[in-house]
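The primary structure of each chain is shown beneath.
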Amino acid sequence: MSLARPDTLVYEDAPPLWEQAAAIGVIVMLTGALIGPVFAPLQQETPILRLIWLPVYAVTIGLCCWRAEQMVRAWPALVILGLLCLHAYASKYWSIDPGVTTRRVVAMAFSSLFAIYLGAVFRGSQLPRVLMWSGLLMGLGSLVMVFAFPRIGVHQFDNAGLWRGLWYEKNQMGVVMVAGAVAAAACLAADEKRRGVPALALAVTTLLVLATQSKTSLLCLLIGVGLIAVLWAMRKGGPALSVVAIWFGVVLIAAIGYVFITEPAVVLKALGKDPSLTGRTDIWVSLMREVNLRPWTGFGYQAFWGRDSIPAAFVRQETGWPVPSAHNGWIDLLIQLGWPGAFSVGFAVMLAFVTTLFRIPVAGAREGYFGIAYFGVFLLLSLSESILLTNANLPWALLLAIMTRGLLSDRVPVRVTLAPRRVAAYPTRSRIAPQYPHGRTRRPVFRV
């Protein structure tokens, strides 16, 4: 008779439900859902908002302590975060508003620490799955606000009639829903057996992105979900389809790049934008003049856009409207921390991209290619929104989580075929145990 070993592979267990619920709660807080419009309808900084964040910081510390072993393994990401926080904190010594800088650095440190926790603990498809559930819950909550409480869920004056859900404005909802849609698409690509909830989440988040009528959010949605679809099709179609997809992608990117460089106005009009990007180019020109005044230090972390800021008053007077931010992550970073800050954050972003790229052959299919798809979304957002090195900001937190996943080695189960000895015949009550060569056991072997 011949002996056969069971073909069973063991993956890391998902965190318990209470831990997933706690993580979802912090993710919702990072988006600013409902809390801001209710307690600070004028988008001002109020004492009650600071008090609301204290329990969130406590939960973050508790989760990190609960997963102390995984956090220690993520020490490279913690070192990078520590250097970024030290630079931002040091800027209080030349900041035009030291108090704001100090408070915002503390908030940024806690939200970034939670991001590293996400990347260290939620492995494989667990990260896109928890983000999918977060996006679905916030999407359903936004639908409730739109139809049951339209004064909160729908724009009343500027952008009247457009949906904004649980947030101050439609662009905020668009960014959050794009992240949820990309996560849902990744879950569909990673797990083909359970399609119901991911399909529902993708439908709800896509509907809300369309309801914002934000061209940037729509383009991010197409890039993120499209990348996942292409990579999934390449994996299913084999080498021939992969070669065709890569060739088509290179030609398409080259064609779009050529048109954008030679005729940028045509591309912008096709996207529904005016060539000045709704006045953003005027903001960028004005801000670069301010950057040239302090190229190596900036005006302090998160201090430039205060209501009493004299440099910001110059920009608002020059552009003719109350500019709330640079509408460009890199220029906003230059105005805060100068060129050293931009280069340090650029290094972190490049590290996240390289490590994610090298993880595709190892864990890409297992996580539904979420990392590389979201990175494409993040790059586009960084050119139109101030999302770099920010506090209480989901896009920056997800980038840090993806960087952490890339810096940690994935345990990948490897199937091992053993050749057990053939025993001619055993007596019915024989106590002779089957022997494996070289003393091997039936445990799956992991490559780290």
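Residues numbered from 1 in each chain as written. Predicted model: local features only at pLDDT ≥ 70, side-chain atom pairs only at ≥ 80, totals over all residues. Heavy atoms only, no water.

1. Remarks on the overall build of the chain
So, step 1. Within the chain, the regular secondary structure consists of 17 helices and two strands.
So, step 2. Going through the 448 residues of the chain one by one, you find that 46% of them count as buried.
So, step 3. Of the contacts formed within the chain by residues at least 6 apart in sequence, a portion of 74% connects residues at least 24 apart. (Helix = DSSP H or I, 4+ residues; strand = E, 2+ residues; numbered from the N terminus. Buried < 20%, exposed > 50% of the residue type's maximum accessible area, 1.4 Å probe, protein only. Contact = heavy atoms within 4.5 Å.)

2. Some details on the side chain of Q70
So, step 1. Within the secondary structure layout, Q70 lies in helix α4 (residues 68-73).
So, step 2. The buried category is assigned to Q70, whose relative accessible area is 19%.
So, step 3. Here Q70 is in contact with A120 and V121, once residues within four sequence places are set aside.

3. So, the pattern of salt bridges
So, step 1. All told, the structure shown has four salt bridges when counted by the stated rule.
So, step 2. With its nearest N and O atoms 2.8 Å apart, the salt bridge here joins R67 to E19. Of the two residues, R67 is situated in the loop between α3 (47-66) and α4 and E19 in helix α1 (residues 17-31); the sequence distance between them amounts to 48 residues.
So, step 3. Relative accessible area serves as the criterion here: at 0%, E19 is assigned to the buried category.
So, step 4. In this structure, E367 and R359 form a salt bridge, with 3.3 Å as the shortest nitrogen-oxygen distance. Of the two residues examined, E367 and R359, each falls in the buried class.
So, step 5. Salt bridges sharing common partners tie together R359, E367 and R405. (Salt bridge = Lys/Arg side-chain N within 4 Å of Asp/Glu carboxyl O.)

4. Section: the packing of aromatic side chains
So, step 1. For the structure shown, the criterion picks out twelve aromatic pairs.
So, step 2. Judged by centre distance (5.0 Å) and plane angle (35 degrees), the rings of F353 and F375 are tilted. On the criterion of sequence distance, the pair formed by F353 in helix α15 (residues 329-364) and F375 in helix α16 (residues 370-382) is long-range, its members being 22 residues apart.
So, step 3. Given a relative accessible area of 31%, F353 falls into the partly exposed group. (Phe/Tyr/Trp six-rings, centres within 6.5 Å; stacked < 30°, edge-to-face > 60°.)

5. Description of the packing of helix α5 (residues 75-90) against helix α17 (residues 394-407)
So, step 1. At a minimum axis separation of 9 Å, α5 and α17 run at an interaxial angle of 140 degrees. Judged on the interaxial angle alone, α17 and α5 are oblique. Across from P76, A77, I80 and L84 in α5, the residues of α17 making contact are W396, M403, T404 and L407.
So, step 2. Here the contact of α5 with α17 is composed, by residue class, of seven nonpolar, one polar and no charged. (Axes fitted to C-alpha atoms, helices over the stretch in contact; angles between N-to-C directions. Parallel < 35°, antiparallel > 145°, perpendicular 65-115°, else oblique. Nonpolar A, V, L, I, M, F, W, Y, C, P; charged D, E, K, R; others polar.)

6. Regarding the nonpolar core
So, step 1. Grouped together as the largest cluster of nonpolar side chains are 111 residues, with contacts concentrated most on F114, Y117, L118, L287, F370, L389 and W396.
So, step 2. Ranked by residues supplied to this core, first place goes to helix α9 (residues 170-190) with 15 residues.
So, step 3. Each residue touching L389, except ones within four places of it in the same chain, is listed here: L84, M108, Y301, Q302, L333, L337, V345 and W396. (Core = buried A, V, L, I, M, F, W, Y, C linked by side-chain atoms within 4.5 Å.)

7. With respect to the side chain of T404
So, step 1. Secondary-structure assignment places T404 in helix α17.
So, step 2. Apart from residues no more than four positions distant in its own chain, T404 is found in contact with A74, A77, I116, G119 and A120.

8. A word on unusual backbone geometry
So, step 1. Here L34, not a glycine, exhibits a phi torsion of approximately 70 degrees, which is positive.
So, step 2. Its relative accessible area of 30% is what places L34 among the partly exposed residues.
So, step 3. At L389, a position not held by glycine, the phi torsion is positive, near 50 degrees.
So, step 4. Along the chain, L389 turns up in the loop between α16 and α17.

9. Brief notes about α1
So, step 1. Its 15 residues place the ends of α1 21 Å apart at the C-alpha level, agreeing with the 21 Å of an ideal helix rising 1.5 Å per residue.
So, step 2. Of the residues making up α1, those classed as buried are E19, A23, I24, V26, I27, M29, L30 and T31. (Expected span 1.5 Å × (residues − 1).)

10. Thoughts on the packing of helix α13 (residues 280-293) against α15
A pair of packed helices is characterised by two quantities: the angle between their axes and the separation of those axes.
So, step 1. In contact at an axis separation of 10 Å, α13 and α15 are set at 5 degrees when each is read in the N-to-C sense. Our classification of the angle between α13 and α15 gives roughly parallel. Only I331, L334, I335 and W339 of α15 make contact with α13, whose side of the interface consists of W284, L287, M288, E290 and V291.
So, step 2. Here the contact of α13 with α15 is built from residues that sort into eight nonpolar, no polar and one charged.

11. Thoughts on the environment of S386
So, step 1. Assignment of secondary structure puts S386 in the loop between α16 and α17.
So, step 2. Sequence separation between S386 and N328 is 58 residues; the distance between their C-alpha atoms is 5.2 Å.
So, step 3. In this view, S386 contacts S325, A326, H327, N328, G329, D332 and N393; residues no more than four positions away in its chain are not counted.
So, step 4. Engagement of the side chain of S386 in a polar contact is seen with the side chain of D332, the distance being 2.5 Å. (Polar contact = N/O pair within 3.5 Å; in protein donor to acceptor, adjacent residues only side chain to side chain.)

12. Structural notes on the environment of L113
So, step 1. Position of L113 among the secondary structure elements: in helix α6 (residues 98-121).
So, step 2. Along the primary structure L113 and I61 are separated by 52 residues, whereas in three dimensions their C-alpha atoms are 8.6 Å apart.
So, step 3. The contacts of L113, once residues within four sequence positions are left out, are T60, C64, M71, L78 and L81.

13. Some thoughts on the confidence of the model for the chain
So, step 1. Looking at the chain as a whole, the pLDDT averages 82, with 77% of positions reaching at least 70.
So, step 2. Of the regions scoring below 50 in pLDDT, residues 436-448 engages in 29 contacts with residues more than four places distant in sequence or in other chains. (pLDDT = per-residue confidence, 0-100.)

14. Examining the environment of A303
So, step 1. Along the polypeptide, A303 turns up in the loop between α13 and α14 (310-319).
So, step 2. Since its relative accessible area comes to 5%, A303 is described here as buried.
So, step 3. Setting aside chain neighbours within four positions, we find A303 in contact with S95, I96, D97, T101 and S309.

15. Points about α14
So, step 1. For α14, the set of buried residues is P311, A312 and V315. Taken around the axis of α14, the buried residues stretch over an arc of 100 degrees, which confines them to a single face. In α14, the exposed positions angled more than 90 degrees off the buried face are occupied by I310 and Q317.
So, step 2. Contacts from the buried residues of α14 go to α13.
So, step 3. N-capping of α14 is provided by S309, with a side-chain oxygen placed 3.2 Å from the backbone N of A312.
So, step 4. Two residues or fewer after α14 comes G320, characterised by a positive phi angle close to 85 degrees. (Arc of directions from axis to C-beta.)

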